[in-house]
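# Notes for the structure review
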Amino acid sequence: MFKKILVPTDGSGVGARAAAVAAELAEGSGGQVIGVHVIDPFPYIGIGDASAVGLQSYLSEARRAAGVALDAVASACRQRRVPFAGDPLARNLVWEGILVTARAEGCDLVLVSRTAADLAAAEERLRASRQVGGTVRALDLSASASVDALAAEFPAIVMLVNK
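Here goes a summary of the coordinates provided. (Residues numbered from 1 in each chain as written. Predicted model: local features only at pLDDT ≥ 70, side-chain atom pairs only at ≥ 80, totals over all residues. Heavy atoms only, no water.)

### Side note on helix α2 (residues 52–80)
- Look at α2: 42 Å from first C-alpha to last across 29 residues, which is about the 42 Å you get at 1.5 Å a residue.
- Here α2 has its buried residues at L55, L59, A62, A66, A69, L70, V73, A74, A76 and C77.
- Those residues of α2 that are buried lie in contact with β1 (4–8), α1 (13–29), β2 (32–39) and β3 (84–90). (Helix = DSSP H or I, 4+ residues; strand = E, 2+ residues; numbered from the N terminus. Expected span 1.5 Å × (residues − 1). Buried < 20%, exposed > 50% of the residue type's maximum accessible area, 1.4 Å probe, protein only. Contact = heavy atoms within 4.5 Å.)

### Brief notes about the pattern of salt bridges
- All chains considered together, the criterion is met by three salt bridges.
- Ionic pairing is found between E105 and K4, a salt bridge with its closest N-O pair at 3.0 Å. You can see E105 sitting in helix α3 (residues 94–105) and its partner K4 sitting in strand β1, a full 101 residues away along the chain.
- Given the relative accessible area of 27%, E105 is considered partly exposed. (Salt bridge = Lys/Arg side-chain N within 4 Å of Asp/Glu carboxyl O.)

### Examining the nonpolar core
- I5, V7 and V33 are the most contacted members of the largest nonpolar core, which totals 13 residues.
- Residues I34, V36, I98 and A102 belong to the second largest nonpolar core, which totals six residues. (Core = buried A, V, L, I, M, F, W, Y, C linked by side-chain atoms within 4.5 Å.)

### A closer look at the environment of L59
- Mapped onto the elements of the fold, L59 is located in helix α2.
- Considering only alpha carbons, one finds L59 and I39, 20 residues apart in sequence, at a separation of 8.3 Å.
- If near-sequence neighbours (up to four positions away) are discounted, L59 is found in contact with I39 and P41.

Here it is in structure tokens:
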């Protein structure tokens, strides 16, 4: 069913919920969870004075926050005894970091969202900018029936992005 589930996380409550769902899905299918936290390496270049000390301070804090976010995903996986691998990744655009990770892990892409409009916009951006194929579905993944339907429709899914 689910071989690799990519969980992009920002460390928020939504990210924690996504990690819990991913761990549950991986547990039920013998899969693995791949975590990624994307760090913008140059968040304030061009805004006032940029200094090497300020940049290093920012990067240090960003790496710490990434570690905390990924530790939360790893914890959800440990609770379910699910294999986990994850690292922070520096990219200017979060979606680009997610795609880089998906490619490196050999993931396919399935986008899931509660609203069709968000899905259509995300799909259009992904296909236009990176020639990435994908499938979109408007589902509520907090409902187990939706998760079961998704698993039945895509038995070989390796990546799930819940936008």
